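Report on the structure
Listed here are the chains, written in short residue letters.
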Amino acid sequence: MQMFPVIFVSLGPGEPELITVKGLKALQTADCIFCPETLAKDGNRVSRAADILLQLDIPENTVHRFPLPMSKQREKALSAYDEVYMESSTLRQQGKKVCIVAEGDAGFYSSIHYVYDKLQADGIPVKHIPGIPAFIAAGACAGLHIASQEERLTVIPGIITAEEIEKYMEEKTTIVIMKLSQCTEEIHRCIHLHPEYNYHYFENIGTEKEKYLHDTELISALSFPYFSLLIIRHSTF
Ligand code: SAH
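The sections below set out a description of the structure shown in this document. (Residues numbered from 1 in each chain as written. Predicted model: local features only at pLDDT ≥ 70, side-chain atom pairs only at ≥ 80, totals over all residues. Heavy atoms only, no water.)

Now for the sheet that holds strand β11 (residues 228–233). The five strands lie next to each other as β7-β8-β11-β9-β10, forming an open sheet whose pairing is mixed. A strand with exactly one partner marks an edge of an open sheet, and here the two such strands are β7 (153–156) and β10 (211–213). Put simply, the sheet's adjacent strands are angled 15° from each other on average, direction ignored. Both strand β9 (residues 198–203) and β10 contribute to a ladder of three bridges, which runs antiparallel. What sits directly across from E203, in β10, is K211. (Pairing = 2+ DSSP bridges. Helix = DSSP H or I, 4+ residues; strand = E, 2+ residues; numbered from the N terminus. Axes fitted to C-alpha atoms, helices over the stretch in contact; angles between N-to-C directions.)

Here we come to helix α4 (residues 113–121). For α4, the complete set of buried residues consists of V115, Y116 and L119. Projected onto a plane normal to the axis of α4, the buried residues spread over an arc of 105° and lie on a single side. Looking at the buried positions of α4, the neighbouring elements they touch are β1 (6–10), α3 (74–93), β5 (98–102) and β6 (126–129). (Buried < 20%, exposed > 50% of the residue type's maximum accessible area, 1.4 Å probe, protein only. Arc of directions from axis to C-beta. Contact = heavy atoms within 4.5 Å.)

Now for the pairing of strand β8 (residues 174–177). Alternating residues of β8 divide into T174 and V176 and I175 and I177, and every residue in both groups is buried. In terms of handedness, the path from β7 via helix α6 (residues 162–170) over to β8 forms a crossover that is right-handed. Taken together, the three bridges between β8 and β11 define a ladder with antiparallel strand orientation. In the strand pairing of β11, V176 is matched with I231. (Right-handed = clockwise from strand over helix to strand, strands pointing away.)

All we've got here are geometric facts, nothing functional implied.
Encoded structure:
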C-alpha cells in the first residue's frame, strides 16, 4: 500500500485565487482535509479556511472541520491539535491522502505548526506547501514597497509600545504589526504622539469585507478585529 506524506497546505490570505497551483492540486486530490473553525460570539461556527475551500470548489465531503478554541489558554487549542495529529496519522496509515490547511502561510505565526512538529517527531513524513502571508497581500493591496534598498523589516506579533515603535522609526525600519487587537491602546497612543509616521491599516484582506485605511484620524477611531494588521513606515510611501 502506498503511503503519502501529510501535507500542510497554505491557503493564502482569503482571496481564493491567491493559493498556489501546487496547494490547489494537493487539495483537489486529497481524501481528507483538516480545517479549523471557531465559535463566534453569536454562537455561529466560522471558518475563513472553510470559506476559501468552498470557493475553490473542494468537495465538502473531503473537508473535516475541527473546532479550534480561540481562548488565551493554549491547552485547549493543543488538545484540539492532538486530535488532528492522531486522526491524521491514522488516516495516513490507511493509505489516505491527508491535508491540513492554514490561512496565509502555514509556517508564519501559524499554531497548526504544532501538529507538523509532532508528526515529524514521530517520524511521519510531512510536507509544507508555502503560501502568501496576509501582510504581503496587504502591501500589494495598498501598492506599498514594504521594504526597499537597505531598509529592514520587523514583524511584531501583537505586543508593542509606542516607545518601541519610535525606535524602529528612528532607525528607518518598517514594521508590520499582526494580532493588532492585543495592542490597540498603544497604537492609538503612538498615532497621537506621532501623526507624521505613515500608518497603513488593513482589515480582512482578500475578502469582501476588506478594508484599507491610511488616514490617521480614521485609524485612531477604530477598535481592531482579529483579522487586522498595521504596516508603519517612516517615509511618505
Ligand atoms: N499564517 C498567517 C498569520 C496568522 S496569525 C499569515 O501567514 O498571514 C493571525 C494574524 O494574521 C491576525 O491577527 C492578523 O494580524 C493577520 N491576518 C491574517 N489574515 C489576515 C487578513 N486576511 N487580513 C488582515 N490580517 C490578517
